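# Descriptive analysis of the structure
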Amino acid sequence: VNAVSRSSVATQETPAGQKNPADSAVAALAAPEALQLNQELAALKTEIQVIATENSTLTAGIFLVDLDTGSYLNFNGDVPFASASTIKLPILAAFFQAVDEGKVRLDQVLTLKPENIVGGSGQMQDDPAGTKYSALEVVTKMIIISDNTAANMIIELLGGAEVLNQHFAAWGLRATVLRNKLPDLEGTNTTSPKDLINIMAQIDRGNLVSVKSRDRILQIMRQTKNDALLPKGLGEGAVIAHKTGNIKTMLADAGMVDLPNGKRYLVAVMVKHPVETEKPAQALIRDISKMTYRYLNDGETPADSKVK
């Protein structure tokens, strides 16, 4: 219903140069609080704080929510970090919202321009300018192989950074700002663990996109090729839809986990680390994922495991 309402409002024409009153209506529809928080997971937080602070060269931000109970954990979750490729998650949401509103078609043909082509992760940088793709193909590559060239094409398709930042603000994402095109090795684009969880929660609850688009988003995110971080902490039978981020001083992973026992939770971990090595940051993200999985799947804290 929200998607239909947004579509009918957004198609009203407004004279050039005037603000469309529909913009505020769209924001009002998109902004309901998605994070239904109950009580903090005190035992798990105590254990995670220990490993998150024992290495003084790392600065970690963690936010997680049990979607069934609303229990949560917040450790520096509101702190802005360089987003790296995790910024592609809210861009993905904006893309499918545009699809729901009829502004973009999945089979729409996009042409690779020379100014879109950048280095870093992805394969499209090796394609010649003038290569054509469907919009769905481009946005899928943006997520599953974190293609930076694809991301820049989608940013352009959606109206640029200013338009996207207006969406992010309307969705209640307080730390999420797109300042430069990808790969943004200097870390000027920002987000926070809580913002990443917020956007995932809004996708899950249908606040931003239709059920069809939500299912498509999760299907794409489950195909993410980089499984070196959060997935490494999960046991057999768990399924994760996630997006990673990695630049020379920051490592992150955020996503939704479906457990074998039927529970679901959202988790985002962002770690600022020294330029020399990211291995301690990798290990920290994996350990946090493992602790969270054991606690929510088996009901045991790391301390319980040691007693066993």
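Please refer to the structure higher up on the page.
Attention here is on the structure that accompanies the text. (Residues numbered from 1 in each chain as written. Predicted model: local features only at pLDDT ≥ 70, side-chain atom pairs only at ≥ 80, totals over all residues. Heavy atoms only, no water.)

Attention now moves to the environment of K272. Relative to the helices and strands, K272 resides in strand β9 (residues 264-272). Along the backbone, K272 and T59 are 213 residues apart, and their C-alpha atoms lie at a distance of 5.0 Å. Residues within four places of K272 in sequence aside, it is in contact with T57, L58, T59, F81, T249 and M250. (Helix = DSSP H or I, 4+ residues; strand = E, 2+ residues; numbered from the N terminus. Contact = heavy atoms within 4.5 Å.)

Another aspect to go through is the nonpolar core. Judged by nonpolar contacts, the single largest core of 61 residues is most densely connected at I91, F95, M142, I154, L158 and I199. A total of 9 residues in this core trace back to one element, the largest contributor, which is helix α4 (residues 88-100). In this structure, I154 is in contact with I91, F95, L110, A135, V138, V139 and M142, ignoring residues within four places of it in sequence. Residues Y265, V267, L284 and I288 belong to the second largest nonpolar core, which totals 29 residues. (Core = buried A, V, L, I, M, F, W, Y, C linked by side-chain atoms within 4.5 Å. Buried < 20%, exposed > 50% of the residue type's maximum accessible area, 1.4 Å probe, protein only.)

Below, the discussion takes up the packing of aromatic side chains. Summed over all chains, the structure comprises 3 aromatic pairs. Geometrically, the ring pair formed by F95 and F96 is edge-to-face, given 5.1 Å between the ring centres and 85° between the ring planes. Judged by relative accessible area, which is 0%, F95 ranks as buried. For F96, a relative accessible area of 1% puts it in the buried group. Ring plane angle 55° and centroid distance 5.9 Å describe the contact between F168 and W171, whose orientation is recorded as tilted. There is no split in this pair, since F168 and W171 are both buried. (Phe/Tyr/Trp six-rings, centres within 6.5 Å; stacked < 30°, edge-to-face > 60°.)

Strand pairs in the sheet, formed through backbone hydrogen bonds, run parallel or antiparallel to each other. Ordered by their spatial adjacency, 5 strands build an open sheet running β2-β1-β9-β8-β7, and the pairing between neighbours is antiparallel. The outermost strands of the open sheet, each flanked by one partner alone, are β2 (72-75) and β7 (239-247). Averaged over all neighbouring strand pairs, the angle between strand axes comes to 10°, with direction disregarded. Across 8 bridges, strand β1 (residues 59-66) lies against β9 in antiparallel orientation. When the bridges of β9 are listed, D66 appears paired with Y265. Sitting on the sheet, helix α8 (residues 193-205) is in contact with β1, β7, β8 (250-258) and β9, with an inclination near 155° to β9. (Pairing = 2+ DSSP bridges. Axes fitted to C-alpha atoms, helices over the stretch in contact; angles between N-to-C directions.)

All right, on to the layout of surface pockets then. Where empty space is left becomes clear once a probe the size of a water molecule has been rolled over the atoms. Size it by volume and the second largest pocket reaches roughly 300 Å³. In terms of lining, the second largest pocket is formed by 26 residues, of which the most central are S121, S146, N226, T244 and N246. Sorting the residues of the lining of the second largest pocket by element identifies α5 (135-144), β7 and β8 as the ones contributing at least two each. Tallying contributions element by element places β7 first for the lining of the second largest pocket, with 5 residues. Counted by class, the lining of the second largest pocket contains 12 nonpolar, 11 polar and 3 charged residues. (1 Å grid on protein atoms, 1.4 Å probe; cavity = no way out; pocket = protein on both sides within 12 Å on 5 of 7 lines; lining within 4 Å. Points joined across faces, edges and corners; volume = space filled by probe spheres on them. Nonpolar A, V, L, I, M, F, W, Y, C, P; charged D, E, K, R; others polar.)

Across the 9 residues of β9, 7 count as buried, placing the element largely inside the fold. One ladder, built from 9 bridges, connects β8 with β9; its direction is antiparallel. Note that in β9 the partner of A254 across the bridge is A268. The turn linking β8 back onto β9 is made up of 5 residues, and G262 within it adopts a positive phi angle of 95°.

This paragraph deals with the pattern of salt bridges. Enumeration according to the criterion identifies 7 salt bridges in this entry. Here E40 ties to K45 by a salt bridge, and the two come within 3.2 Å at their closest N and O atoms. With its nearest N and O atoms 3.0 Å apart, the salt bridge here joins K113 to E156. With K113 in the loop between β4 (109-111) and β5 (132-134) and E156 in helix α6 (residues 148-157), this residue pair connects regions lying 43 residues apart in the sequence. (Salt bridge = Lys/Arg side-chain N within 4 Å of Asp/Glu carboxyl O.)

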